[in-house]
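# Tertiary structure, described
As a plain string of letters, each chain reads:
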Amino acid sequence: MTTAAPALPRRRASALAWQRMARSPNLLVGLLILAIVVGAALFAGFLAPYNPIDQAFADQLRPPSWAHPFGTDEFGRDIFSRVLYGARIALTVGVISDGISLVTGVVLGIVAGYFGGAADSAVMRTVDVMLAFPYLLLAMIVVAILGPSLTNAMIAIGIVYTPQFARLVRGAVLAIREQEFVEAAAALGAASVRVLARHVLPNVLSPIIVMATLTVGFTIVETAGLSFLGLGAAPPTPEWGSMLATGRSYMLTAPWIATFPGLAILVTVVGFNLVGDGLRDLLDPRLRGRGF
Amino acid sequence: MLRYIARRLAQLIPVLLGVSVLVFLGMHLVPGDVAQLLLGEKGSEADLARIRHQLGLDRPLYVQYGRFLAGAVRGDFGASIRTRQPVIWEIGQALPLTLELSFAALLFAVVVGLAVGVVAARRPHGPVDTTAMVGVLVGVSMPVFWTGILLLLVFGGVLGWLPLGGMVDEGMMFRRITGLPLLDGLLTGNLALVESNLRHLVLPAVALGATSMATIARMSRSTMLEVLGLDYVRTARAKGVAEPRVVRSHALRNALLPIVTLIGLQLGLLLSGAVLTETIFALPGLGRLAITSVLARDYPVVQGVVLIAAMIFVLANLAVDVLYAYLDPRIRYQ
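Residues numbered from 1 in each chain as written. Chains lettered and ligands numbered in written order. Predicted model: local features only at pLDDT ≥ 70, side-chain atom pairs only at ≥ 80, totals over all residues.

Okay, the overall build of chain B next. The helix and strand tally for chain B stands at 13 helices and zero strands. Along chain B, helices (α) and strands (β) appear in the sequence α-α-α-α-α-α-α-α-α-α-α-α-α when read from the amino end. Each principal axis of the C-alpha atoms in chain B carries an extent, and together these give about 85 × 55 × 40 Å. Put simply, chain B has 334 residues, and 40% of those count as buried. (Helix = DSSP H or I, 4+ residues; strand = E, 2+ residues; numbered from the N terminus. Buried ≥ 20, exposed ≤ 12 C-beta atoms within 10 Å, placed from the backbone.)

Facing 35 residues of chain A, the contacting portion of chain B comprises 40 residues. Those elements that place two or more of their residues in the side of chain A that touches chain B are α5 (117–131), α6 (135–146), α9 (192–228), α10 (240–249) and α11 (256–283) of chain A. Among the residues making up the side of chain A that touches chain B, the classes are represented as 26 nonpolar, five polar and four charged. (Contact = placed C-beta atoms within 7 Å. Nonpolar A, V, L, I, M, F, W, Y, C, P; charged D, E, K, R; others polar.)

Time to look at the nonpolar core. Core analysis: the largest hydrophobic core is formed by 174 residues, its most contacted members being Ala139(A), Met140(A), Ala290(B), Val305(B) and Val306(B). Sorting elements by how many residues they give to this core places helix α5 (residues 87–122) of chain B first, with 17 residues. (Core = buried A, V, L, I, M, F, W, Y, C linked by C-beta atoms within 7 Å.)

Quick look at the packing of α6(A) against helix α7 (residues 150–177) of chain A now. All names here are of chain A. The N-to-C vectors of α6 and α7 enclose an angle of 135°; their axes lie 9 Å apart at closest approach. When the axes of α6 and α7 are compared, the pair comes out oblique. Once α6 is placed against α7, the crossing between them reads as right-handed. Residues Tyr 135, Leu 138, Ala 139, Val 142, Val 143 and Leu 146 of α6 touch α7, and the partners they reach there are Asn 152, Ala 153, Ile 155, Ala 156, Ile 157, Ile 159 and Val 160. Among the residues forming the contact of α6 with α7, the class breakdown is twelve nonpolar, one polar and no charged. (Axes fitted to C-alpha atoms, helices over the stretch in contact; angles between N-to-C directions. Parallel < 35°, antiparallel > 145°, perpendicular 65-115°, else oblique. Left-handed = near helix turned anticlockwise from the far one by under 90°.)

So, about the environment of Thr188(B). Residue and element names in this part refer to chain B. Topologically, Thr 188 is positioned in helix α8 (residues 181–188). Residue class for Thr 188 comes out partly exposed when judged on the 14 C-beta atoms lying within 10 Å of it. Residues Thr 188 and Val 260, 72 residues apart in the sequence, show an inter-C-alpha distance of 34 Å.

It is worth spelling out unusual backbone geometry at this point. At the junction of Pro235(A) and Pro236(A), the peptide bond is cis and its omega measures out at 5° in the coordinates. In this structure, Ala282(B) takes a positive phi of about 50° despite not being glycine. Note on placement: Ala282(B) falls in the loop between α11 (243–280) and α12 (286–295). When the 12 C-beta atoms within 10 Å are taken as the criterion, Ala282(B) is described as exposed.

Between its first and last C-alpha atoms α11(B) spans 44 Å; for 38 residues at 1.5 Å apiece the expected length is 56 Å, and the helix comes up short by more than 12%. Backbone geometry just downstream of α11(B) places Ala282(B) in the positive-phi region, at approximately 50°. (Expected span 1.5 Å × (residues − 1).)

Any link to function would need more than the numbers given here.
If you want it as structure tokens, here you go:
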């Protein structure tokens, strides 16, 4: 990034990127999985055979069948439909909480890394303190303050993952800050905001993209965990974590209630992990082979 | 080495002070009045004022924080709103179970994770490696609460091999010395207790340690691959050293260093996972105490539990750093 490489024609560069992507089976499988999950979320209205919250007491606790591929729960609700609609919630949760930690963490990391001094000390000491809490306990405090709900669980998980982004970005910015092209831009009189936006941020994007992709999966799991504990989505919302919590009570008599939402979480997180690892290989060749 | 430990301990003080400020302010931001919670619906205004005065809630915030900190240093976090017992007593009852569970989970994660990683690295991209890495991917991606439910369903419900919950068989009494059933059983020679506790510990420990096991397996595979390709390993092989010995004595010892750091990072994961695992397996540990207290708005207990958990996490990380410095002397001199 530091020396000016001869620019490749745009078409050739994109062809190269596609070639490299095609050579990464992890990335391709991950993208395929995510395409299915996103498809399920987008077209849940068309694909779901039943309304996810409609109760049918005549159909309580039915095992998987042609009429109900994933069975029904204790209120006779179709689990397949609830899992499909749950994809919508899971992806929204993942993207929003990841977005909260990404934006906050990147701003804090850039401020700490670029300006240094008191700003750096203040940000990094706060980060140290936040990292001293086990994740879920910190999230539980935030939910206790804001009140249990899915929105607040998303905010809590967003806050919990912020320090990791801040730390990563700060490190990357510290390395870039001393580069000649950044010093040159500042010497030419460019305002700090312009230097940060035009010169620093584009050069630290790769690790941020990789981390953001990997973290989406974790934020989905953590938010589902909060819902499982009764601190997130409330019934009858078709959220995978709260569906698992209900399924736990019927584990021995109707195991399908807990099996399918759990499987949905697993598949989605596997998708994000594969894409994250694939992107890391693609964007940072030094780390190639560290993943799966 | 002592100087290194002293320096690291000194660095912990501001972090722990920061944690205490965050916990204290966090609990102050929670909507609702502690005095009202203590009195319930019956209290008059005069009673509320009296309780607030008794608890020091009518004093300025910094005075309240000072009192909270002074209490916390002595282990006095006040009384539980729910049970009226001292918070420290409640924590004392719950903590040993969580420690036992976390140690068991960590042991499982390290032993199985290392074994899987080393075996996978012996023949990279072979069938064993591929199977292991798919397993690792699933392990890293599985939510701990679903792993727990599945283990209960299969080994507790369908096969009936292991108990469905609790820490020892129902009705089993034992003399409490350390609070750790396993240790107490060994100390008192109560082998029935040891056996019962071990049977109850298997499923929650595997559920809690599964993610860490997968992470450790992944890391040990990649570090072993790196180390097995180095010149000194080639030299050892060229000298005719047997392969198991090359792996055990030459490669594994050097591959262990990054894994030690990883174990430190897993501790936070284990303490977080304990909340979920203890809920699923009905274990009266620190995690379950935390969630019960949050749901019951029992804030003195939440404050105490979070502070103690953060302290354990920070101290455990310090222990790992010290171990790392012991294993790699270069770190001490940085």
